[in-house]
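Here's the letter readout for the chains.
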2 protein chains.
Amino acid sequence: MTHTLGPRAAQKLQTRQSLLEAALRLTEEHSLGSVSLREVSRAAGIVPAGFYRHFPDVESLGVALVEQSLGGLRTALRAVRSDRTDSEEIARRSVQVLAREVRARRAHFRFIARERYGGMSRVREAIRDQLRLLGDELATDLLSDGATAATVLRRWDDADVRVLTSMIVDHMISTAAAIVDVPAGRPAVERRIINAASKQLRLIIVGARHWLDPT
Amino acid sequence: MTHTLGPRAAQKLQTRQSLLEAALRLTEEHSLGSVSLREVSRAAGIVPAGFYRHFPDVESLGVALVEQSLGGLRTALRAVRSDRTDSEEIARRSVQVLAREVRARRAHFRFIARERYGGMSRVREAIRDQLRLLGDELATDLLSDGATAATVLRRWDDADVRVLTSMIVDHMISTAAAIVDVPAGRPAVERRIINAASKQLRLIIVGARHWLDPT
DNA sequence: CCTTTCGGCGTACAAACGTTTACCGGACCC
DNA sequence: GGGTCCGGTAAACGTTTGTACGCCGAAAGG
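Residues numbered from 1 in each chain as written. Chains lettered and ligands numbered in written order. Predicted model: local features only at pLDDT ≥ 70, side-chain atom pairs only at ≥ 80, totals over all residues. Heavy atoms only, no water.

**Quick look at the layout of surface pockets**
- Each pocket or cavity is described by its volume, and for the largest pocket that value is around 1200 Å³.
- Looking at the largest pocket, it is lined by 37 residues, and the ones nearest its centre are Arg116(A), Ser166(A), Asp170(A), Ala178(B) and Ile193(B).
- Where the lining of the largest pocket is concerned, the elements lending two or more residues are helix H6 (106-118), helix H7 (121-143), helix H9 (158-181) and helix H10 (187-209) of chain A together with helix H9 (158-181) and helix H10 (187-209) of chain B.
- It is H9(A) that provides the largest number of residues to the lining of the largest pocket, a total of 10 residues.
- Looking at the lining of the largest pocket residue by residue, the classes come out as 17 nonpolar, 9 polar and 11 charged.
- Approximately 1000 Å³ is the volume attributed to the second largest pocket. (1 Å grid on protein atoms, 1.4 Å probe; cavity = no way out; pocket = protein on both sides within 12 Å on 5 of 7 lines; lining within 4 Å. Points joined across faces, edges and corners; volume = space filled by probe spheres on them. Helix = DSSP H or I, 4+ residues; strand = E, 2+ residues; numbered from the N terminus. Nonpolar A, V, L, I, M, F, W, Y, C, P; charged D, E, K, R; others polar.)

**Here's the deal with the nonpolar core**
- Val40(A), Leu61(A), Val40(B) and Leu61(B) are the most contacted members of the largest nonpolar core, which has 127 residues in total.
- The two domains that each donate at least three residues to this core are domain 1 (1-55) and domain 2 (57-209) of chain A.
- For Leu61(B), the residues in contact, after removing those within four places along its chain, are Leu19(B), Leu20(B), Ala23(B), Val40(B), Phe51(B) and Phe55(B). (Core = buried A, V, L, I, M, F, W, Y, C linked by side-chain atoms within 4.5 Å. Buried < 20%, exposed > 50% of the residue type's maximum accessible area, 1.4 Å probe, protein only. Domains from an automatic or database assignment. Contact = heavy atoms within 4.5 Å.)

**Re the interface of chain A and chain B**
- The interface of chain A with chain B comprises 33 residues on the first partner and 34 residues on the second.
- For chain A, the biggest contributors to the area lost against chain B are Tyr117(A), Leu203(A) and Trp211(A); these three give 23% of the whole.
- Here chain A is connected to chain B by 2 salt bridges.
- Asp160(A) serves as the salt-bridge partner of Lys199(B), at 2.6 Å between the closest nitrogen and oxygen.
- The interface formed by chain A and chain B includes 9 residue pairs in polar contact (both at pLDDT 80 or more).
- Those elements that provide at least two residues to the side of chain A that touches chain B are H6, H9 and H10 of chain A. (Buried area = accessible area lost by both parts, 1.4 Å probe. Salt bridge = Lys/Arg side-chain N within 4 Å of Asp/Glu carboxyl O. Polar contact = N/O pair within 3.5 Å; in protein donor to acceptor, adjacent residues only side chain to side chain.)

**Considering the side chain of His210(B)**
- Here His210(B) is to be found in the segment after H10.
- Apart from residues no more than four positions distant in its own chain, His210(B) is found in contact with Val206(A), His210(A) and Asp213(A).

**Some words on the domain arrangement of chain A**
Residues and elements named next belong to chain A.
- When the domains of chain A are assigned, the result is domain 1 (1-55) and domain 2 (57-209).
- With centres defined by C-alpha atoms, the gap from domain 1 to domain 2 works out at 27 Å.
- With 18 residues of domain 1 at the contact, the number on the domain 2 side is 15 residues.
- Of the roughly 1400 Å² buried at the junction of domain 1 and domain 2 (both faces included), carbon and sulfur atoms supply 71%.
- For the interface between domain 1 and domain 2, the tally reads 1 salt bridge.
- Its salt-bridge partner being Arg110, residue Glu28 comes within 3.9 Å of it at the nearest N-O pair.
- At the boundary of domain 1 with domain 2, the tally comes to 3 residue pairs in polar contact (both at pLDDT 80 or more).
- Only helix H1 (7-26) and helix H2 (37-44) provide two or more residues apiece to the side of domain 1 that touches domain 2.

**Overview of the protein's contact with DNA strand D**
- For DNA strand D, the set of nearby residues contains 19 residues, the closest of which are Arg8(A), Thr15(A), Arg53(A), His54(A) and Arg38(B).
- Each atom of DNA strand D within 4 Å of the protein was assigned to sugar, phosphate or base; sugar and phosphate come to 49%.
- Val47(A) is positioned with one of its backbone polar atoms (N or O) 2.9 Å from a phosphate oxygen of DNA strand D.
- A distance of 2.8 Å is found between a phosphate oxygen of DNA strand D and a side-chain nitrogen or oxygen belonging to Arg42(B).
- The set of elements that each furnish at least two residues to the surface near DNA strand D consists of H1 and helix H3 (48-51) of chain A together with helix H1 (7-26), helix H2 (37-44) and helix H3 (48-51) of chain B. (Near = heavy atom within 4 Å.)

**Looking at the pattern of salt bridges**
All names here are of chain A.
- Considering all chains together, one arrives at 20 salt bridges over all chains under this definition.
- The salt bridge partner of Arg162 is Asp136, with a shortest N-O separation of 2.5 Å. Placement of the pair is Arg162 in helix H9 and Asp136 in helix H7, with a sequence separation of 26 residues.
- We note a salt bridge from Asp145 to Arg154, for which the minimum N-O separation is 3.4 Å.
- Judged by its relative accessible area of 72%, Asp145 falls in the exposed class.
- Relative accessible area serves as the criterion here: at 48%, Arg154 is assigned to the partly exposed category.
- Taken together, the salt bridges that share partners define one network made up of Arg74, Arg78 and Glu137.

In structure tokens form, the structure reads like this:
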């Protein structure tokens, strides 16, 4: 039901995408708040006034960027979890997929890490919303019928499950930020970070498994 | 051995402090990178040119701010851990102290959260160094003679201990960021965050305790 | 006491900024 | 085929920016 758009709308979308990519490129150096409207327009190859044909201000462009970035991660992670149910396996694969995603779209994740706490308020808000969604999806997956984690987690309070999943999501984003921060072309350092992240995630899982144990 | 300074140097220190506080106040709205030299000078009550008498640029001011902020947290946490040795107790008290510190110097922590990934490179670097120190101190405390955690952790690989402590430090900063993000005057929300953070920290501890368990 | 030091002031300037306004030309629609 | 829509352009505006220069007056120091 996607109406194929005429050359008109297609060209507009493409320019919009140029703006998004330009902003992404520029945020590798300073945060979005200090990227000027003129700067991003220039990098996208249009005149400053043209910017307003797509976004009312830079902040709105940021919100669009958030949705594009984290939306992609969400669908990627959903795919990972759909075919496997063992929690240890899910953990290991999740970190792998995260690392792959980060490598494939490094600038996107740098942007998210940058703006999560540092950005303008509407951008921060958009990120928080997307991360909440990520946590919700993780929770329903962990509680779903096939999941081995479900046998443990079903004995938990619902709120506690959310505490767990939000911790996992937080850890995921921290890991992404750490990977992004590693200087380009140092695979050894990156591997060390991924290794640590896997251990940390497994540690969370072990903790969850023994959460209700006596002593 | 602290030479009491004349009115000359005292006044200079005070102006410097005004600059730091002004920057702290301004970073509640935008990140340091988009705070202009003129803006912070104006807020501190001096003329733009006077700024150069204290810092060569805004970034250097940021580095000074990092040391003041995280230095304070480090000494506060050191005090907490020195008199108690039970890990569960340490965990609970650490979160309490963190919450107290955050409440007492909210702007400082907002600044750290903001700039940790979003800031200018030298500022990010300074934060990373301070957090590494925090992790190191935590590691030696946990391995020290009196600590109950030591009986478990001494069986670990050193690198794994560092993986654990860096995770705890990360979690601490995330918690601080979350507390800071809560709209002012909503103690219920803040309490919920602190509660969740305590549970998460305990979960980490439980995980660590059972780390080497079979299955 | 007389000189040096130095934190802060005032002025200046070129550059970059956000935003507005009028205009162009090709896709769009009837 | 003719009128309308609309993405992009060009020029102009008032502001704010970073940085440089010379000056002042009081503390510091011999």
